[in-house]
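Structural characterization, general
Each chain is listed here by its residues.
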Amino acid sequence: MELANQDLRIALSYQDAARKRITELERVVQRATRPEDIWTEEAQLLGNEPWHCDLAPDVAIELWEKVQELCDSCDGLEMRWLELESEREAVRQNAARVHAEAMRKGTKAPATAAKAFEADAQLEGCSLALSETVTDLRRARAAYEALLKDRAFLNKYRTAVIAEFNTQRKRAAEAFSVAAGAINETRRRFGVLHSLTMGGLLDIPEEAEGYLSLAGKGWGQADLSSAVDVISRQMSETDPFVSGEFLTAPMDEINATAIETAERIEAELKQYRQNHYSPDGVVSTRLI
């Protein structure tokens, strides 16, 4: 009886040790945080929506490239984590298989703990690397956003945009002058062609002719004429605020006249409301 109790105590001690070992292994494995808990949707948004264009100083381009590099690294580490997880599972399955085979044959089971620990350590290391890379990404995005508060950078950026805007505006005016003439001439020819084709040469029943009328359609549509008029007015705009001259002026001048410009626009809006709306906000009957 005493021998049986001793064997039971030994068995229980082995069982307790095994439980402690399992708990320790679980604690180690739990440190290997899953990538979706690190490389979150919020973190992935850090690599979206750059605010600079191709005219920005090189520093903006370089900082954004750094942000993109870190995002790519995070994607790569996420994929590597999943590969390591699969490899770790394969190690565990293999250990279970060889231990089961040893028990069946009554032989000593081979040591597999080292491989299991190595697989766990690799997975944990990948999690730590991903976490550090996401932290670096946050710093890189913060450095990129800080440029928006750098006056020297903004002034240099603005100077480049002003030069390109003036060049494009001049080019647009020249191109529109040619295009507007061509569009209006095409509209006129379209009308004449429509009258000749549908008026004197068409040999179909009269009741079918109505369905083929192009009056107010195609090149004759009013929206096309309105679009040309809108662009024409913009090209000949003399108001500095609307034409773009206000935005291209030196910042000293803008700061000196900004309040005056805002007050003028405010007065124009009030006058517009008085002319078009009644005191209760309903459209004035003068427009009906």
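Residues numbered from 1 in each chain as written. Predicted model: local features only at pLDDT ≥ 70, side-chain atom pairs only at ≥ 80, totals over all residues. Heavy atoms only, no water.

Across its full length, the chain holds 10 helices and 0 strands. Ordering the α and β elements of the chain from the N terminus gives α-α-α-α-α-α-α-α-α-α. Here the chain holds 288 residues, and 20% of them are scored as buried. A sequence separation of at least 24 residues applies to 72% of the contacts in the chain between residues at least 6 apart. Working note: accessible area of the chain is about 20600 Å², and carbon and sulfur atoms make up 57% of it. (Helix = DSSP H or I, 4+ residues; strand = E, 2+ residues; numbered from the N terminus. Buried < 20%, exposed > 50% of the residue type's maximum accessible area, 1.4 Å probe, protein only. Contact = heavy atoms within 4.5 Å. Areas by Shrake-Rupley, 256 points an atom, 1.4 Å probe, with all protein chains shown as cover.)

It is worth spelling out a nonpolar patch on the surface at this point. Taken together, the side chains of Ile204, Tyr211 and Leu212 make up a nonpolar region of the molecular surface, amounting to roughly 330 Å² of accessible area. Assignment of secondary structure puts Ile204 in the loop between helix 5 (151-200) and helix 6 (206-209). (Patch = residues over 30% accessible without salt bridge, like charges linked within 9 Å, V, L, I, M, F, W, Y side chains within 5 Å. Salt bridge = Lys/Arg side-chain N within 4 Å of Asp/Glu carboxyl O.)

Looking now at a negative patch on the surface. Side chains of Asp58, Glu62, Glu65, Glu69, Asp72 and Asp75 sit close together on the surface and give a patch of like negative charge. Assignment of secondary structure puts Glu65 in helix 3 (residues 58-105). Residue classification places Glu65 among the partly exposed residues on the basis of a relative accessible area of 44%. (Lys, Arg positive; Asp, Glu negative; His and termini not counted. Charge placed at Lys NZ, Arg CZ, Asp CG, Glu CD.)

One covalent bond between the sulfur atoms of two cysteine residues makes up a disulfide. Counted under the stated rule, the structure contains 0 disulfides. As a non-bridged cysteine, Cys74 has Cys71 as the owner of its nearest cysteine sulfur, 6.3 Å distant. We classify Cys74 as buried; its relative accessible area is 0%. (Disulfide = S-S within 2.5 Å.)

Because each turn of an α-helix spans 3.6 residues, side chains separated by three or four positions in sequence point in the same direction. Spanning 26 residues, helix 10 (residues 251-276) covers 35 Å between terminal C-alpha atoms, matching the ideal 38 Å at 1.5 Å per step. Within helix 10, the axis deviates most sharply at Thr257, by approximately 45°. Of all the positions in helix 10, only Ile254, Thr261 and His276 are classed as buried. Looking at the buried positions of helix 10, the neighbouring elements they touch are helix 5, helix 8 (240-243) and helix 9 (245-248). (Expected span 1.5 Å × (residues − 1). Bend = angle between axes of the 7 residues up to and from the residue.)

This brings us to the confidence of the model for the chain. Scored by pLDDT, the chain has a mean of 85; 84% of the residues are at 70 or more. Looking over the chain, one finds the lowest element-wise mean pLDDT in helix 1 (residues 2-30), namely 53, and the highest in helix 2 (residues 41-44), namely 97. (pLDDT = per-residue confidence, 0-100.)

A word on the packing of helix 5 against helix 7 (residues 222-235). Interhelical geometry of helix 5 versus helix 7 gives an angle of 155° and a closest axis separation of 11 Å. The orientation of helix 5 with respect to helix 7, classified from their angle, is roughly antiparallel. Taken as a pair, helix 5 and helix 7 cross one another with a handedness that is left-handed. Residues Ala172, Ala173, Phe176, Ala180, Ile183, Asn184 and Arg187 of helix 5 form the contact with helix 7, whose own contacting residues are Leu224, Ser225, Val228, Ile231, Ser232 and Met235. Looking at the contact of helix 5 with helix 7 residue by residue, the class counts come to 9 nonpolar, 3 polar and 1 charged. (Axes fitted to C-alpha atoms, helices over the stretch in contact; angles between N-to-C directions. Parallel < 35°, antiparallel > 145°, perpendicular 65-115°, else oblique. Left-handed = near helix turned anticlockwise from the far one by under 90°. Nonpolar A, V, L, I, M, F, W, Y, C, P; charged D, E, K, R; others polar.)

Mapped onto the elements, His194 comes out in helix 5. Here His194 is in contact with Gly199, Leu212, Ser213, Leu214 and Ala215, once residues within four sequence places are set aside.

Here we come to unusual backbone geometry. The phi torsion at Glu49 lies on the positive side, around 55°, for a residue other than glycine. With respect to the helices and strands, Glu49 occurs in the loop between helix 2 and helix 3. For Glu49, a relative accessible area of 69% gives the class exposed.

So, about helix 5. With 50 residues, helix 5 extends 69 Å between its outermost C-alpha atoms, agreeing within 8% with the 74 Å of an ideal straight helix rising 1.5 Å per residue. Among the residues of helix 5, Phe153, Tyr157, Ile162, Phe176, Ala180, Phe190, His194 and Met198 are the ones counted as buried. Check the buried side of helix 5 and you find it contacts helix 3, helix 6, helix 7 and helix 9. The residue sitting at the N-terminus of helix 5 and contributing the capping side-chain oxygen is Asp150; that oxygen lies 3.1 Å from the backbone nitrogen of Ala152. (Polar contact = N/O pair within 3.5 Å; in protein donor to acceptor, adjacent residues only side chain to side chain.)

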